[in-house]
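Overview (structure and organization)
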Amino acid sequence: MPNLSIFQGLTGRPGSPTGGSVRDMIIGAFGTTKRGGPNTRAAAESLGVSQRSVQRWIAGEDRKQRNAPRSDHLSNLRVKARQAVSTKKGRKASLDQSRQRFAGRKSTKLTTHGLQGPEGGGKGYSRVRTVSIELSGGDVDAMFDAYERGGDSAVTDWLQQHHSANYVPGWTFENIDHIKLE
């Protein structure tokens, strides 16, 4: 199962592409607008319904599902949301807004929180830690490329290599609870 915190941290999408509410799946699959709301236009185009229908689905969650999506639309939404995190094409589309947001920056601060630390020959140096490092613009692109290509495992491998080369030799990540780019 994909690590939701990695998806949310890299894409900037607070929704849950692996299930949950209709609103969360729409945000997870289609992102947000400039104002921060779910991108109902993109959802409607992809799902073959009107934008107003998607808006009703979201509003219906607070109104005892009077305006719940039909089962075929809900099933299609679940598939699209799951694909946003589990397929190369979906991850690429999910990263588009983040790529635009960080394009042209000379450096970006990356913060990771989770069970991590240097390899210690079995001595157990991994702890729950929060580590912040600066990434160059090229590093951010490389990290996004790794996530796009192979998902959680590929970006974790990339982070280990980058931290080992630029932070502490032999740095490992046993799990990532939170990741943030700023």
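Residues numbered from 1 in each chain as written. Predicted model: local features only at pLDDT ≥ 70, side-chain atom pairs only at ≥ 80, totals over all residues. Heavy atoms only, no water.

1. Quick notes on the packing of aromatic side chains
Applying the stated criterion across every chain yields a total of 2 aromatic pairs. Seen from their ring centres, Phe102 and Phe144 are 6.4 Å apart, and the 55° between their planes marks the pair as tilted. Linking Phe102 in helix α6 (residues 88–102) with Phe144 in helix α7 (residues 137–166), this pair joins segments that are 42 residues apart in sequence. Classification of Phe144 as buried rests on a relative accessible area of 1%. Each ring, one from Tyr167 and one from Trp171, has its centre 4.9 Å from the other, and the planes form 80°; the classification is edge-to-face. Lying across the ring of Tyr147, Arg91 places its NZ or CZ 6.0 Å from the centre. (Phe/Tyr/Trp six-rings, centres within 6.5 Å; stacked < 30°, edge-to-face > 60°. Helix = DSSP H or I, 4+ residues; strand = E, 2+ residues; numbered from the N terminus. Buried < 20%, exposed > 50% of the residue type's maximum accessible area, 1.4 Å probe, protein only. Lys NZ or Arg CZ within 6 Å of the ring centre and 35° of its normal.)

2. Observations concerning helix α3 (residues 40–47)
Those residues of α3 that fall on the buried side of the exposure criterion are Thr40, Ala43, Ala44 and Leu47. Angular distribution of buried residues about the axis of α3 spans 100°; they occupy a single face of the element. Pointing more than 90 degrees away from the buried face of α3 are the exposed residues Arg41 and Glu45. Just downstream of α3 lies Gly48, where phi reads positive at about 75°. (Arc of directions from axis to C-beta.)

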